[in-house]
Amino acid sequence: MERGMELQNTVKEALNALYHHPDDAVRMQADRWLQDFQHTIDAWQVADNLLHDATSNLETLIFCSQTLRSKVQRDVEELPSEAVRGLQDSLNTLLKKFHKGPPKVRTQISIAVAALAVHISAEDWGGGGIVNWLRDEMNSHPEFVPGFLELLTVLPEEVFNYKIAARPERRRQFEKELTSQMEVALSTLTACLHINELKEQVLEAFASWLRLKHRIPGSVLASHPLVLTALSSLHSEILSEASVNVISELIHYSAAGSSGGATVNMPLIQVIVPQIMSLKAHLTDSSKDEEDVKAIARLFADMGDSYVELIATGSDESMLIVHALLEVASHPEYDIASMTFNFWHSLQVILTKRDSYISFGNEASAEAERSRRLQVFRSAYESLVSLVTFRVQYPQDYQDLSLEDLKEFKHTRYAVADVLIDAASVLGGDATLKILYIKFVEGVACCGNKHNEWRPAEAALFCIRAISTYVSVVEAEVMPQVMALLPKLPQQPQLLQTVCLTIGAYSKWFDAASSDPSILASVLSILTSGMSTSEDTAAAAALAFRHICDDCRKKLCGYLDGLYNVYRTAVNGEGSLKVSAEDSLHLVEALSMVITELPQVDAKKALEMLCLPVVTPLQEIINQGPEILQKKHPRDLTVHIDRFAYIFRYVNHPEAVADAIQRLWPIFKAIFDIRAWDMRTMESLCRACKYAIFGSDPSCASYLHNLIEALFKRTTCLLTSIEEFTSRPDVADDCFLLASRCIRYCPQLFIPSSVFPSLVDCSMIGITVQHREASNSILTFLSDIFDLAKSCKGEEFLSVRDSVIIPRGASITRILIASLTGALPSSRLETVTYALLALTRAYGVRSLEWAKESVSLIPLTALAEVERSRFLQALSEAASGVDVNAAMAPVEELSDVCRRNRTVQEIVQGALKPLELNRVPVL
């Protein structure tokens, strides 16, 4: 008792320090202590006592109600059954005590009661379940109705709350209990409608219950008092937020397949749609509150999204909805207008996909119906194009935008680009281009005015670029005029960036349409200008340069000298070009693709020229001696080596490439001999060698084999404990990424090597490293080993792989199951699951034995027999070739059960011991 009082006083003191002490350090210390306290078993009694204590202040009440709520959600298992009964009574008392508030406290207590209902059976509420108990309590104690109403609201929400540490089986049972009590819940809510001040709360609770899979017929809901109240509340002076939520849920429900779909629920739809349509005038009413307009727009958008298949028939009634959605799309506020974007996409998919017309019988009838519908919606999509283009225009103050605002603006542009693609799918790219060209011409005229306004032209050009893949490559009416205007535009950086990207986007059009060589010359001149203006324009120009060289490579063979000059200047960092090292790789790729088109004899000389600016700086570094080479930053080497990787990858002339490699070999060897310790340089070198071994002589392959062996031996010596993985995650990440590439591209060099078993052992140590990229690389490496049969030449080496994996199989399985159940964050679940399923597919029955061995280590208090069986059954099905996705749910369930609270997680990890590589199960 004395200890309890002492703890209560400490909690009060800590809260007082947290909220009122002037010293930050003291406040942090108090916060830490309170967080630790919430995880103790004493927190149950202390929080309960302080909530019942009439002298507790608001800060204490809020903290204790939050503590009790989180304890009920996560830690009920630590209480004996008689204590759970006492907790239930106490929470019921508190619910009545705080029925008038404070609201924050009442909400936390309501959630705690609802969470308890998820844990305990229906019988614990007097046999009829919590909803019947609640109805009886409300009838017996009408004065406490507000508190009970909040509990009735949160109850269905807790079905989907995965913070509650309930077992999946019990969670499913709870959902069934609530669904079976739906009628009782709705009649209880209906009975509360007569209390006018509670109407909003009643409707909020109704919306919450509608989210359950309830299967109430649409015809019943159509005349239900709660539905009629929500519909009439839409027209009240102050728009009811709860009524909007109710109608939104009803719209979704009436179209959902689980409820029978729109046809079955037509009586409900016929009640809802006219009521929403009558709100259309509010969309353009400037006197309306913006939040109200947003809520009304949301209803129109929900209606469009849910009834899109009905709307796609193009009936007169559906066109009324389409015109209303165009009004929403025309709203000046982007947040409101963009609510319709999903609808335009869904409608486009239905209109254009041939599957939508299968029910029309033969092909001629289907095509006739498709043409009819496309014609019906043509003007709507034409209007849409005109309505959205202005939204991509740079704001006047774009230079002062914060990073967050700039990110949001880019997001808006991408979203509008998607809408334009939807329009082009319906109207055709050439027709959409004509609408946008008018905007572009208007924008070009603005460039010539006294303000030199570039933004409208840039916006129109951005839109033209967005639909590039839908414009015919032989379009001869508009595109020549667009391209003729580009050289006349001002060299403003943002505009020039978009000009360059547009040129790149239309590279196939240039190839098909330009018989006039001066057009290509003009384009290359613009791109060179882009490379000299700013880093952003240079990046856009380099990318466009690559596209043009890829698609117009045959025509550009005659321009090789000019292209080479641009390339050399950019790679050497000479002159005024602002191309970054990363973007220069686009230029390397571009020239490589043009060289591929040359005859063999010319290609050899051109390749030598291509390598020259890359090899010279490396040779200079090596000539300065080993000491200088040893001290160089990896970036000083990898920037050049990566360019070689691109040359070897994209120049498709095996003989010329083999000759080049032969000449370059001494340079590669010098770097490897001096820099074997440097993982980043080694990875870059191995990548270049990987591309080099295709089509070159066998001596390169044997050298790559030696390089791989030396490199991985070095790494396995560095990474011998989880602590070393934690302190060197980058080394681990690079090493296992490279190892994965070796499995995929050259298993013949890697799998039989002496370093392969060491690397597998090393990966087992590091699987549970918390660094995301390192952990993913290790898991991908293991998956690639298990999937070896899929890689090129991989099947030949399965017996070598098996000799390494089978002796370690039980340990690998145990570590992977430990990772699933808490050793790694749940965000890695998919990657871990894939590795486990790949292992199961590769080793079948044997892997099931390993899995059985591992889960048998977990005590039954943490993982029940039925949960083990479901998991092992899923693995068994995966082993026999059943769809892998089917195994995901039971695996997620295992993860969920074993992480349901901290205590269980510690028990599971203590049993599986993922950091012990060779744990022998106790039989």
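These figures come from a predicted structure and were not determined experimentally.

Looking only at helices and strands, the chain has 51 helices and 0 strands in total. Principal-axis analysis of the C-alpha atoms gives the chain an extent of 100 × 75 × 70 Å. Across the 923 residues that make up the chain, the buried fraction comes to 53%. As presented, the chain carries roughly 40,200 Å² of accessible surface, and 54% of it is formed by carbon and sulfur atoms. Measuring between centres, the 86 positive side-chain charges of the chain sit 4 Å from its 114 negative side-chain charges.

Turning to the environment of V72, a few remarks are in order. Along the chain, V72 turns up in helix 4 (residues 58–75). For the pair V72 and V118, spaced 46 residues apart in the sequence, the C-alpha separation amounts to 9.9 Å. Discounting residues that sit within four places of it in the chain, V72 has contacts with W44, L87, L91, A112, A115, L116 and H119.

Okay, helix 31 (residues 535–551) next. Taking 1.5 Å as the rise per residue, helix 31 with 17 residues should run 24 Å; its terminal C-alpha atoms sit 25 Å apart, in good agreement. Looking only at helix 31, the buried set comprises T537, A538, A540, A541, A542, A544, F545, I548, C549 and D551. As for helix 31, its buried residues are in contact with helix 28 (493–505), helix 29 (507–513), helix 30 (517–533), helix 32 (553–556), helix 33 (560–572) and helix 34 (581–596).

The next point concerns helix 47 (residues 809–823). Over its 15 residues, helix 47 extends only 18 Å from the first C-alpha to the last, a length that falls short of the 21 Å expected when each residue adds 1.5 Å. Counting buried residues along helix 47, 14 of its 15 residues qualify, which places the element largely inside the surrounding structure.

Attention shifts here to the packing of helix 14 (residues 241–255) against helix 17 (residues 290–306). Between helix 14 and helix 17, whose axes approach to 9 Å, the crossing angle comes to 5 degrees. Here helix 17 runs roughly parallel to helix 14, going by the angle between their axes. Across the interface between the two elements, V244, N245, I247, S248, I251, H252 and A255 from helix 14 touch A295, R298, L299, D302, M303 and S306 from helix 17. Of the residues that constitute the contact of helix 14 with helix 17, the class distribution is 7 nonpolar, 4 polar and 2 charged.

In this section: the side chain of N161. Turning to its location among the elements, N161 is positioned in the loop between helix 8 (145–158) and helix 9 (168–180). In this structure N161 touches Q73 and R171, once residues within four positions along its chain are discounted.

The full count for this structure, using the stated rule, is 23 aromatic pairs. For the ring pair Y564 and Y567, a centre distance of 5.9 Å and an interplane angle of 45 degrees mean the geometry is tilted. Separated by 3 residues within a single helix, Y564 and Y567 lie in helix 33, roughly one turn from each other. What makes Y567 buried here is its relative accessible area of 0%. Centre to centre, the rings of Y843 and W850 are 5.7 Å apart; their planes meet at 50 degrees, and the pair counts as tilted. An aromatic cluster is present here, built from Y394, Y398, F409 and W454 joined pairwise through their rings. The ring of F462 carries the charged tip of R413 above its face, separated from the ring centre by 4.1 Å.

Quick look at the pattern of salt bridges now. Summed over all chains, the structure comprises 41 salt bridges. A salt bridge links E177 to R170; the nearest nitrogen and oxygen atoms lie 2.8 Å apart. Exposure remark for R170: the relative accessible area of 16% places this residue in the buried category. Among the ionic pairs, E249 bridges to R211, the shortest N-O distance being 2.9 Å. On the criterion of sequence distance, the pair formed by E249 in helix 14 and R211 in the loop between helix 11 (199–210) and helix 12 (218–222) is long-range, its members being 38 residues apart.

Among the surface-exposed residues, E200, E241, D289, E290, E291, E333, D335, D397, D400, E404, D405 and E408 lie close enough to one another that they form a single negatively charged patch. For the negative patch, the secondary structure elements donating two or more residues are helix 17 and helix 24 (403–427). When residues of the negative patch are assigned to their parent elements, the largest contribution, 3 residues, is made by helix 24. Looking at D289, the relative accessible area reads 44%, which means it is partly exposed.

Here we come to the state of the cysteines. Considering all chains together, one arrives at 0 disulfides under this definition. Here C762 is not disulfide-linked; the sulfur of C735 is the nearest cysteine sulfur, at 6.1 Å. The class of C762 is buried, set by a relative accessible area of 3%.

What counts, and where the lines are drawn
Residues numbered from 1 in each chain as written. Predicted model: local features only at pLDDT ≥ 70, side-chain atom pairs only at ≥ 80, totals over all residues. Heavy atoms only, no water. Helix = DSSP H or I, 4+ residues; strand = E, 2+ residues; numbered from the N terminus. Buried < 20%, exposed > 50% of the residue type's maximum accessible area, 1.4 Å probe, protein only. Areas by Shrake-Rupley, 256 points an atom, 1.4 Å probe, with all protein chains shown as cover. Lys, Arg positive; Asp, Glu negative; His and termini not counted. Charge placed at Lys NZ, Arg CZ, Asp CG, Glu CD. Contact = heavy atoms within 4.5 Å. Expected span 1.5 Å × (residues − 1). Axes fitted to C-alpha atoms, helices over the stretch in contact; angles between N-to-C directions. Parallel < 35°, antiparallel > 145°, perpendicular 65-115°, else oblique. Nonpolar A, V, L, I, M, F, W, Y, C, P; charged D, E, K, R; others polar. Phe/Tyr/Trp six-rings, centres within 6.5 Å; stacked < 30°, edge-to-face > 60°. Lys NZ or Arg CZ within 6 Å of the ring centre and 35° of its normal. Salt bridge = Lys/Arg side-chain N within 4 Å of Asp/Glu carboxyl O. Patch = residues over 30% accessible without salt bridge, like charges linked within 9 Å, V, L, I, M, F, W, Y side chains within 5 Å. Disulfide = S-S within 2.5 Å.

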